[in-house]
Amino acid sequence: MRAFARFYGAHPLHLLTMGFAFALVGYVVHVAGIQTFWNRDVWWQSIGVWFVGAVLVHDLLLFPLYALADRSLKTGLIAVRGRVPQLQASISPLNYIRVPALGTALTFALFFPGIIGQGEVTFTAATGLTQDPYLGRWLALTACLFGVSALIYAARLSLLRRRT
Amino acid sequence: MTTRARARSARFRSPLRGPWFTSILGAVLLVGLPIVTVTGLLSYIAYGPQFGQAMPADVGWLRLPQFDWPTDPAWLYRLTQGLHVGLGLVLIPIVLAKLWSVIPKLFSTPPVRSPAQALERLTLIALVGGILFEIVTGILNIQYDYIFGFSFYTAHYWGAWVFIAGFVSHACLKTPLMIRTLRGRSLMQVLQEKQFEQESGTSDLIADDPSEPTISRRGALALVGGGALFVGILTVGQTTGGFLRNAALLLPRGRSYGDGPNDFQVNRTAVAAQISEKDTGADWTLDLTGGSTPTILSREELLRMPQHTAVLPIACVEGWSTTQTWTGVRLRDLASLAGVANLVSAQVTSIEENGPFRQGELQSNQVLHPDSLLALKVNGVDLSADHGYPARIIVPALPGVRNTKWVRSIEFRRV
């Protein structure tokens, strides 16, 4: 038992759990048939490609992009502070930019088909409506998010100034 | 510390990351994701797999035990599917935060330290790939964006089972650690005080060289929770209807069609289904078969039969629903008229020739329920073309798309 744990690197129950997971995935592939996951005519419209693609796009594209955006915002704010000392803010604006930016990104990620007008034909066939309003609505929502954040930031700054 | 390990810690420097932060998000998902999963599997049953009309048709043992989908309460599918889609969307910010919290592990070096870890990393593909794949296909489907090209039903169903494999094994392995970690720090205290200091311990989630904190622990939780709440506000109205529907700003089912009796959400227009006025005009008749002789009824004859009115929701697989007042002939009256007793099921066929839902089979409880109708009117007026004129099926708790529109014939099947 101890020798097993030393070689394997975990409790035997761990191996049993792994066995369960692989067997279940194997059974899924067996019942569905491997051809279900692969489209021979248009490779990128395969279930398998989208499954792996979802991980790759999140881990190697989206995560680095938003991490980079956040780091740029942070260093950008520091640079502005250094260059324009009279703008020296007693409360960092960082989170007042982060929060509405995240809200904007999140709503775009969830609702982009309507916003960019992708799938218009099936949308109209299903609903009898067009996708026209969504871009405007999303922009208005974004404006509200940034606007409200700006108001709260301004209110906090003025409160602080009055106190000091 | 090796150079490589130092390179890693320099890359991931947030002082917020740590086992407690990951565990609290994990705890929320441990409760929420099973609800989303089970309601999804229930939807498969609601479609009627015993008639071969759930997709994918052949799933081996990969389904809940068979039972006849109930007709009571009438809001059952509205609830289960509203939860499936609504909660699924609400959990997205939490899933993303959870992935953010553990991302240093993806790049940890050396990538594999033991056979156990190698296997576990492979199952994480099922877990992470599964959840992301389900999110992406689900999001696209509720907005009618079929850019992926494959069958949504097939993909979402098999994706779910791969996810279940990843999720169950991950939960088995990590729940004890999660509980231990959560016991180490009081959530109440996190919410009451502004905690900025890093978590302590040996976890590789904790940055060796942390950057300046920019948000407190409770601030981060508020951000993630606020994101979930924000998505909830933008979503819930498509299921509840009423005033809240206006808040579903960005969803296809947040829109108003007007104030008229037929101005409610359409699923598949008459134009899309290629229903012509010739098919639905004065010559239209309903064929009832399954009895000793076929019965043919005109719309006038149907209107002369006893009419029943029922307030029923129509709830779609995409999570939206709307409640309307339907009037028409009870399906069980039509079955008696056709001379069919000991009914086991009824097959309804539409005028529509091409759609995947042009035909559907109803269980006996769905035919015999007193509120199950061949509806001729809605809210006191004739159905509009988009809502299925001259006649449509409306059955309590039946998935929306299975309430066949533009009905041509009903075949009652007996024992």
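Remember, predicted model here, so these are calculated numbers, not experimental data. (Residues numbered from 1 in each chain as written. Chains lettered and ligands numbered in written order. Predicted model: local features only at pLDDT ≥ 70, side-chain atom pairs only at ≥ 80, totals over all residues. Heavy atoms only, no water.)

Asker: Explain the overall build of chain A residue by residue, including any values.
Answerer: Along chain A, the regular secondary structure elements total six helices and zero strands. Along its sequence from the N terminus, chain A presents helices and strands in the succession α-α-α-α-α-α. Radius of gyration (C-alpha) of chain A: 25 Å, far over the 15 Å computed for a compact globule of 164 residues. In terms of its C-alpha atoms, chain A occupies a principal-axis envelope of roughly 70 × 60 × 25 Å. Of all intrachain contacts in chain A linking residues separated by at least 6 positions in sequence, the fraction that spans at least 24 positions is 37%. On chain A, roughly 10,200 Å² of surface is accessible, and the fraction owed to carbon and sulfur atoms is 72%. Placing the 13 positive and 5 negative side-chain charges of chain A at their respective mean positions leaves the two points 25 Å apart. (Helix = DSSP H or I, 4+ residues; strand = E, 2+ residues; numbered from the N terminus. Rg over C-alpha atoms; globule rule 2.2 N^0.38 Å. Contact = heavy atoms within 4.5 Å. Areas by Shrake-Rupley, 256 points an atom, 1.4 Å probe, with all protein chains shown as cover. Lys, Arg positive; Asp, Glu negative; His and termini not counted. Charge placed at Lys NZ, Arg CZ, Asp CG, Glu CD.)

Asker: Describe the overall build of chain B, and please don't skip the residues or the numbers.
Answerer: When helices and strands are counted, chain B shows 13 helices and ten strands. Along the first, second and third principal axes, the C-alpha set of chain B runs to 85 × 45 × 35 Å. Looking at chain B as a whole, 56% of its 415 residues qualify as buried. Once local pairs closer than 6 in sequence are excluded, the contacts in chain B between residues at least 24 apart make up 71%. Per element, the accessible surface of chain B, about 17,000 Å² overall, is 60% carbon and sulfur. Counting 36 positive and 30 negative side-chain charges, chain B places the averaged centre of each group 10 Å from the other. (Buried < 20%, exposed > 50% of the residue type's maximum accessible area, 1.4 Å probe, protein only.)

Asker: Which residues make up helix 4 (residues 92–106) of chain B, and what are the values?
Answerer: Residues and elements named next belong to chain B. Compared with an ideal rise of 1.5 Å per residue, which puts 15 residues at 21 Å, helix 4 spans 20 Å between its outermost C-alpha atoms and is within 8% of the ideal. Taken as a whole, helix 4 carries its principal kink of about 35° at Trp100; the proline Pro104 stands between one and four residues after it. Where helix 4 is concerned, the buried positions are Ile92, Pro93, Ile94, Val95, Ala97, Lys98, Leu99, Trp100, Ser101, Ile103 and Pro104. (Expected span 1.5 Å × (residues − 1). Bend = angle between axes of the 7 residues up to and from the residue.)

Asker: Give me the lowdown on the pairing of strand 4 (residues 321–330) of chain B, citing residues and values where you can.
Answerer: All names here are of chain B. Burial runs high along strand 4: seven of the ten residues are buried. Two elements, strand 3 (residues 308–315) and strand 4, share eight bridges in a ladder whose sense is antiparallel. Pairing of Leu312 across the sheet is with Gln324, part of strand 4. Hairpin connection between strand 3 and strand 4: a loop of five residues separates the two successive antiparallel strands, and Gly319 in this loop has a positive phi of roughly 95°. (Pairing = 2+ DSSP bridges.)

Asker: Pulling in residues and values, what's your account of the environment of His156 of chain B?
Answerer: Its place among the elements puts His156 of chain B in helix 6 (residues 152–183). The spacing of His156 of chain B and Gly138 of chain B is 18 residues in sequence and 7.3 Å in space, taken between C-alpha atoms.

Asker: Just give me the short version of the confidence of the model for chain B, but keep the residues and values in it.
Answerer: Residue and element names in this part refer to chain B. The predicted model of chain B averages 95 in pLDDT, with 98% of residues at 70 or higher. The model gives residues 1–9 a pLDDT under 50, and that stretch makes eleven contacts with residues more than four places away or in other chains. Interface confidence for the predicted complex, expressed as ipTM, amounts to 0.96; the pTM equals 0.96. (pLDDT = per-residue confidence, 0-100.)

Asker: Let's hear about the pattern of salt bridges: which residues, and what values?
Answerer: Residue and element names in this part refer to chain B. According to the stated counting rule, one finds ten salt bridges over all chains in the structure shown. Where Glu120 meets Lys174, a salt bridge forms, and the shortest distance between an N and an O atom there is 3.7 Å. Of the two residues, Glu120 sits in helix 5 (residues 115–142) while Lys174 sits in helix 6, which places them 54 residues apart along the sequence. Classification of Glu120 as buried rests on a relative accessible area of 17%. Relative accessible area serves as the criterion here: at 29%, Lys174 is assigned to the partly exposed category. Note that Lys377 and Asp382 form a salt bridge whose closest N and O atoms lie 4.0 Å from each other. For Lys377, a relative accessible area of 25% translates into the label partly exposed. (Salt bridge = Lys/Arg side-chain N within 4 Å of Asp/Glu carboxyl O.)

Asker: Which residues make up the sheet that holds strand 10 (residues 407–414) of chain B, and what are the values?
Answerer: Residues and elements named next belong to chain B. Spatially, the five strands line up as an open sheet ordered 2-1-10-5-6, and their pairing is mixed. At either margin of the open sheet sits one strand with a lone partner, and together these are strand 2 (295–298) and strand 6 (359–363). The sheet shows a mean angle of 20° between the axes of neighbouring strands, direction not considered. Two elements, strand 5 (residues 343–350) and strand 10, share seven bridges in a ladder whose sense is antiparallel. Residue pairing for strand 10: Thr349 is matched across the bridge by Ser409. Across the face of the sheet, helix 12 (residues 331–338) comes into contact with strand 1 (285–289), strand 2, strand 5, strand 6 and strand 10 while running at roughly 70° to strand 10. (Axes fitted to C-alpha atoms, helices over the stretch in contact; angles between N-to-C directions.)

Asker: Which residues make up the interface of chain B and chain A, and what values go with them?
Answerer: Contacts between the two partners involve 72 residues from chain B, matched on the other side by 66 residues from chain A. Overall, the association of chain B and chain A removes approximately 5,900 Å² of surface from exposure, summing both partners, and the carbon and sulfur fraction of that is 77%. Across the chain B-chain A interface, the total number found is zero salt bridges. Taken together, the links from chain B to chain A amount to 17 residue pairs in polar contact (both at pLDDT 80 or more). If you list the elements that add at least two residues to the side of chain B that touches chain A, you get helix 4, helix 5, helix 6 and helix 8 (217–235) of chain B. (Buried area = accessible area lost by both parts, 1.4 Å probe. Polar contact = N/O pair within 3.5 Å; in protein donor to acceptor, adjacent residues only side chain to side chain.)

Asker: Can you explain a nonpolar patch on the surface? Please cite residues and give values.
Answerer: On the surface, a cluster of nonpolar side chains totalling about 500 Å² of accessible area is made up of Trp38, Val42, Trp43 and Trp44 of chain A together with Ile147 of chain B. Here Trp43 of chain A shows up in the loop between helix 2 (12–32) and helix 3 (47–83). (Patch = residues over 30% accessible without salt bridge, like charges linked within 9 Å, V, L, I, M, F, W, Y side chains within 5 Å.)

Asker: Which residues make up the packing of helix 2 (residues 19–46) of chain B against helix 8 of chain B, and what are the values?
Answerer: All names here are of chain B. Between helix 2 and helix 8, the least distance of the axes is 12 Å, while the angle of their chain directions is 30°. Judged by the angle between their axes, helix 2 and helix 8 are roughly parallel. At the point where helix 2 passes helix 8, the crossing takes the right-handed sense. Judged by residue contacts, Trp20, Phe21, Ile24 and Leu25 of helix 2 engage Arg217, Ala220, Leu221 and Val224 from helix 8. (Parallel < 35°, antiparallel > 145°, perpendicular 65-115°, else oblique. Left-handed = near helix turned anticlockwise from the far one by under 90°.)

Asker: Before we move on, could you go through the packing of aromatic side chains and cite the residues and values that matter?
Answerer: Evaluated as defined, the whole model comprises 27 aromatic pairs over all chains. With 5.6 Å between their ring centres and 65° between their planes, Tyr47 of chain B and Tyr153 of chain B make a pair best called edge-to-face. Linking Tyr47 of chain B in the loop between helix 2 and helix 3 (76–90) with Tyr153 of chain B in helix 6, this pair joins segments that are 106 residues apart in sequence. Feature note: the residues Trp50 and Phe51 of chain A together with Phe133, Tyr146, Phe148 and Phe150 of chain B constitute an aromatic cluster, connected by ring pairs. The ring of Trp100 of chain B is capped by Arg17 of chain B, whose NZ or CZ atom sits 4.1 Å from the centre of that ring. Over the aromatic face of Trp320 of chain B sits the side chain of Arg253 of chain B, whose NZ or CZ is 4.1 Å from the ring centroid. (Phe/Tyr/Trp six-rings, centres within 6.5 Å; stacked < 30°, edge-to-face > 60°. Lys NZ or Arg CZ within 6 Å of the ring centre and 35° of its normal.)

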